[in-house]
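Topology and contacts: notes
Listed below are the residues making up each chain.
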Amino acid sequence: MKKENYLKWDEYFMGIALLSAERSKDPNTSVGACIVSQDNKILSVGYNGMPRGCSDNEYPWSREASSDLDTKYLYVCHAELNAILNYTGTNMERAKIYTTLFPCNECTKALIQVGISEVIYLSDKYSDQSSVIAAKRMMKSAGITYTRYQNAGKSIPLML
């Protein structure tokens, strides 16, 4: 008799995205992403952090400062973009991405360009911001479906 209580694909891939988020050093918003092929093979993972060669100790992690040069926003590479850039294969056409936070407009442009066809997200806490509204508009135009992750079975420890 086979085991009945195992992780479903969505639970597994969102769990990988959540685990990836734990690599982030961002003190406010840790984000993880997992890109998956049509046949449920993990293509790449990423988390939000400083670009390669830019020390986590030298660049700011603040959300607010007197100058935007002293905030994290001009420096941090988002989880979705890192997952795309970490990919060593040649084709992401019709792949899907599991992400712990709805992608911004800049990441959405990259997702469209590489052929991602579906976004499964955990949180949409910035849904009222222009960057997310624009992202949803572009996804609709490009035919990318997006769905909020619904945990239908096992509980995945949410570390957001």
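Quick caveat: nothing in here was measured; it's all calculated off a predicted structure. For every chain, the first residue of the written sequence is number 1, and numbering continues from 1 onward in sequence order. Totals for whole chains, interfaces and linings use all residues, but because this is a predicted model, local features are given only for residues with pLDDT of at least 70 and pairs of side-chain atoms are given and counted only at 80 or more. Side-chain figures throughout are based on the complete set of non-hydrogen atoms in the structure, without hydrogens or water.

1. Details of the overall build of the protein chain
The condition is simple: A helix here means a DSSP run of H or I that spans at least four residues, while a strand means a run of E at least two residues long, and both kinds are numbered starting from the N terminus. The size measure is the radius of gyration over C-alpha atoms, and the globule rule it meets is 2.2 Å times the number of residues to the 0.38 power. Throughout this description, buried means an accessible area under 20% of the type-specific maximum (1.4 Å probe, protein chains only), exposed means over 50%, and partly exposed covers the range between. Residue contacts follow a heavy-atom distance rule, with two residues in contact if any of their heavy atoms lie within 4.5 Å. Per-residue and other accessible areas were derived by the Shrake-Rupley procedure at a 1.4 Å probe size, with only the shown protein chains allowed to occlude residues.
Across its full length, the protein chain holds 4 helices and 5 strands. Its helices and strands taken in sequence order, the protein chain reads α-β-β-α-β-α-β-α-β from the N to the C terminus. On C-alpha atoms alone, the protein chain measures out to a radius of gyration of 16 Å, which is about the 15 Å that the 2.2 N^0.38 rule sets for 160 residues. Each of the three principal axes of the protein chain carries a C-alpha extent, and together these read 60 × 35 × 35 Å. Across the 160 residues that make up the protein chain, the buried fraction comes to 41%. Sequence-distant contacts in the protein chain: of pairs separated by 6 or more residues, those separated by 24 or more amount to 62%. Of the roughly 9500 Å² that the protein chain leaves accessible, carbon and sulfur atoms contribute 49%.

2. Thoughts on the packing of helix 2 (residues 79-86) against helix 3 (residues 105-114)
Helix packing geometry: the angle between the two helix axes and the distance between the axes. What counts here: The axes used here are C-alpha line fits, helices contributing only the stretch in contact, and every angle between their N-to-C directions lies in the interval 0 to 180 degrees. By the definition used in this description, the sense in which the near helix is turned from the far one sets the handedness, with an anticlockwise turn below a right angle giving left-handed and a clockwise turn giving right-handed.
Axis separation between helix 2 and helix 3 bottoms out at 8 Å; the angle between their running directions is 30 degrees. In this structure, helix 2 meets helix 3 at a crossing whose hand is left-handed. Residues Glu80, Leu81 and Ile84 of helix 2 touch helix 3, and the partners they reach there are Cys107, Ala110, Leu111 and Val114.

3. Some details on the packing of helix 3 against helix 4 (residues 130-142)
This is how it is decided: Should an angle lie under 35 degrees it is considered roughly parallel, over 145 roughly antiparallel, and from 65 to 115 roughly perpendicular; all remaining angles are considered oblique.
Relative orientation of the contacting elements helix 3 and helix 4 amounts to 20 degrees, with a least axis distance of 8 Å. Of the possible angle classes, the one that applies to helix 3 and helix 4 is roughly parallel. Note on packing geometry: the crossing formed by helix 3 with helix 4 is right-handed. Every residue of helix 4 that contacts helix 3 at Asn105, Thr108, Lys109 and Ile112 is listed here: Ser131, Ala134, Ala135, Met138, Met139 and Ala142.

4. Examining the packing of aromatic side chains
Threshold: Only rings of Phe, Tyr and Trp enter the pairing, Trp through its six-membered ring, and a pair is recorded when the two centres are within 6.5 Å. The plane angle decides the type: under 30 degrees is stacked, over 60 is edge-to-face, the rest tilted.
Going through the model one piece at a time under the given rule, you end up with 7 aromatic pairs. The interplanar angle of 45 degrees and the centroid separation of 5.4 Å between the aromatic rings of Phe13 and Tyr98 together place this pair among those described as tilted. Of this pair, Phe13 sits in helix 1 (residues 9-21) while Tyr98 sits in strand 3 (residues 96-101), placing them 85 residues apart in sequence. Exposure remark for Tyr98: the relative accessible area of 0% places this residue in the buried category. With a centroid separation of 4.9 Å and an interplanar angle of 75 degrees, the aromatic rings of Phe102 and Tyr121 are classed as edge-to-face. With a gap of 19 residues between them, Phe102 in the loop between strand 3 and helix 3 and Tyr121 in strand 4 (residues 118-123) connect regions that are remote in the sequence.

5. Describing the sheet that holds strand 1 (residues 32-36)
Our working definition: Pairing between strands requires that DSSP locate at least two bridges from one strand to the other.
The mixed open sheet is built from 5 strands, whose spatial order is 2-1-3-4-5. Of all strands in the sheet, those with a lone pairing partner are strand 2 (42-47) and strand 5 (145-148), marking the two edges. Taken pair by pair, the neighbouring strands of this sheet meet at an average axis angle of 15 degrees, ignoring direction. As paired elements, strand 4 and strand 5 share 4 bridges and run parallel to each other. If you follow Tyr121 over to strand 5, its bridge partner there is Arg148. Along the sheet, helix 2 contacts strand 1, strand 2 and strand 3; its crossing angle with strand 2, the most-contacted strand, is approximately 135 degrees.

6. Points about helix 2
Inspection of helix 2 places Ala79, Glu80, Asn82, Ala83 and Ile84 among the buried residues, and these make up the whole buried set. Structurally, helix 2 contributes buried residues whose contacts are with strand 1, strand 2, strand 3 and helix 3.

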